[in-house]
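Structure at a glance
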Amino acid sequence: MSEPRGTRQHAHVEAREHLSEGRTVVMAPEGLRSWAGQIHRLEVEVARLALATGVLVVPAHVSDGNLVLGRPVDLSRHTDTPHSYAVLRAATDDIALALCDLTGLTYQDYPAVRGDLRPRPLIWLSRVRRQRRDRKKRRQFEQERLWQESTLDAEELAREEEKARLAAQLQARKASLADRLAEHGIHPGK
């Protein structure tokens with residue numbers, strides 16, 4: 001029943017036909033299996049279908065491979081009121097509470113999707129700590145690498161500056177020597 005709108009309407013019509021023929025319709029109104037052992041907000045479609053056909057809703061759950069059925073939930077107190085979303089939500093909450101009584105699980109008033117996407121608290125905490133530790137190691141490694149690169153660059157720059165200074169000194173000495181020799185009339189290489 002949690003399919004796109006066209007498919008949901010088709011499933012609703014098909015379920016109404018089955019119920020009118022006296023057959024049983026099995027629905028999973030929570031949508032997903034909850035990891036936390038909690039009952040999450042049910043879809044209102046189960047209440048809409050039950051109110052439209054006047055049937056009882058029998059909560060059920062699977063435990064150790066066995067189907068466990070609860071006491072039927074009578075939603076007839078909601079049949080006289082217009083089936084607004086608030087009425088459907090109230091009827092659905094009646095079903096959720098009956099399911100909680102049957103399973104002994106707690107009720108969480110948010111969709112199962114949100115609950116199932118949340119990681120388990122201890123696993124989440126260790127994952128966050130590991131991610132922080134990994135990020136810190138990566139930052140330290142990157143800083144160390146940058147420091148080494150900058151040290152190497154500084155050493156290379158110092159060597160180049162020393163070479164340039166020595167080359168300038170050598171050129172100055174050559175020029176000075178050439179000037180002194182030229183004063184005495186000596187021209188080497190000629």
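Counting restarts for each chain: residues are numbered from 1 in the order of the written sequence. Only residues with pLDDT of at least 70 get local features here, since the model is predicted, and only at 80 or more are side-chain atom pairs given and counted; chain-wide, interface and lining totals rely on the full set of residues. Water and hydrogen atoms were dropped before computing side-chain values, which therefore reflect all heavy atoms in the structure.

**A look at the overall build of the chain**
Secondary structure is summarised from DSSP: a helix means a run of H or I of at least four residues, a strand means a run of E of at least two, and numbering begins at the N terminus for each. Within the chain one finds five helices and four strands. Going residue by residue from the N terminus, the α and β elements of the chain occur as α-β-α-β-β-α-β-α-α. Counting only residues that meet the buried cut, the chain has 20% of its 190 residues in that class. In what follows, residue pairs with any heavy atoms lying within 4.5 Å of each other are defined as contacts. The contacts in the chain between residues at least 6 apart in sequence include a share of 60% that link residues at least 24 apart. Per-residue and other accessible areas were derived by the Shrake-Rupley procedure at a 1.4 Å probe size, with only the shown protein chains allowed to occlude residues. With an accessible surface of roughly 14200 Å², the chain has 54% of that area assigned to carbon and sulfur atoms. The cut-offs for exposure are 20% and 50% of the maximum accessible area for each residue type, with area from a 1.4 Å probe on protein chains only; residues under the lower value are buried, those over the upper are exposed, and the others partly exposed.

**With respect to the packing of helix α2 (residues 45-53) against helix α3 (residues 85-103)**
Packed helices, taken two at a time, are described by the angle their axes make and the gap between the axes. Two elements in contact, α2 and α3, have axes separated by 8 Å at closest approach and are oriented at 100°. By the angle between their directions, the pair α2 and α3 is classed as roughly perpendicular. Each of Val46, Ala47, Arg48 and Leu51 in α2 lies in contact with α3, whose residues at this interface are Leu88, Ala91, Thr92 and Ile95. Comment: axis = line fitted to C-alpha atoms, over the contacting stretch for helices; angle = value between 0 and 180 degrees taken between N-to-C directions. Comment on the angle field: the value is read as roughly parallel under 35 degrees, roughly antiparallel over 145, roughly perpendicular from 65 to 115, and oblique elsewhere.

**Topic: the nonpolar core**
Among buried residues, those of type Ala, Val, Leu, Ile, Met, Phe, Trp, Tyr and Cys that are joined through side-chain atoms within 4.5 Å constitute a nonpolar core. If you look at the biggest cluster of nonpolar residues, it comprises 17 residues, and the most contacted ones within it are Val57, Val73, Leu75 and Ile95. Counting residues per element, this core draws most heavily on α3, at seven residues. Dropping the residues within four chain positions of it, valine 57 is found in contact with Ala50, Arg71, Pro72, Val73, Leu75 and Ile95.

**Observations regarding a positive patch on the surface**
Every patch collects residues that have over 30% relative accessible area and no salt bridge, joining them within 9 Å if they carry like charges and within 5 Å if they are nonpolar side chains (Val, Leu, Ile, Met, Phe, Trp, Tyr). A pair is scored as a salt bridge if a Lys or Arg side-chain nitrogen falls within 4 Å of a carboxyl oxygen belonging to Asp or Glu. Residues scored as positive are Lys and Arg, those scored as negative are Asp and Glu, and His as well as the terminal groups of each chain are ignored. Here the site of a charge means atom NZ of a Lys, CZ of an Arg, CG of an Asp or CD of a Glu. Among the surface-exposed residues, Arg129, Arg132, Arg135, Lys136, Arg138 and Arg139 lie close enough to one another that they form a single positively charged patch. Along the chain, the position of arginine 129 falls in helix α5 (residues 121-183).

**Focus on the pattern of salt bridges**
Here the structure, examined in full by the defined rule, presents seven salt bridges. Its salt-bridge partner being glutamate 45, residue arginine 48 comes within 3.2 Å of it at the nearest N-O pair. With arginine 48 and glutamate 45 both in helix α2, this residue pair falls three residues apart, about one helical turn. Here glutamate 162 makes a salt bridge to arginine 165, at a shortest N to O gap of 2.4 Å. Of this pair, glutamate 162 and arginine 165 both sit in helix α5, three residues apart, which is roughly one turn of the helix. The class of glutamate 162 is partly exposed, set by a relative accessible area of 33%. Owing to a relative accessible area of 40%, arginine 165 belongs among the partly exposed residues under this scheme. Through salt bridges that share partners, Glu142, Arg145 and Glu149 make up one connected network.

**Remarks on a nonpolar patch on the surface**
Among the surface-exposed residues, Val58, Val62, Leu67 and Leu69 lie close enough to one another that they form a single nonpolar patch of about 410 Å² accessible area. Within the fold, leucine 69 resides in strand β3 (residues 66-69). With a relative accessible area of 55%, leucine 69 lands in the exposed category.

Purely geometric stuff here, so don't read any function into it on its own.
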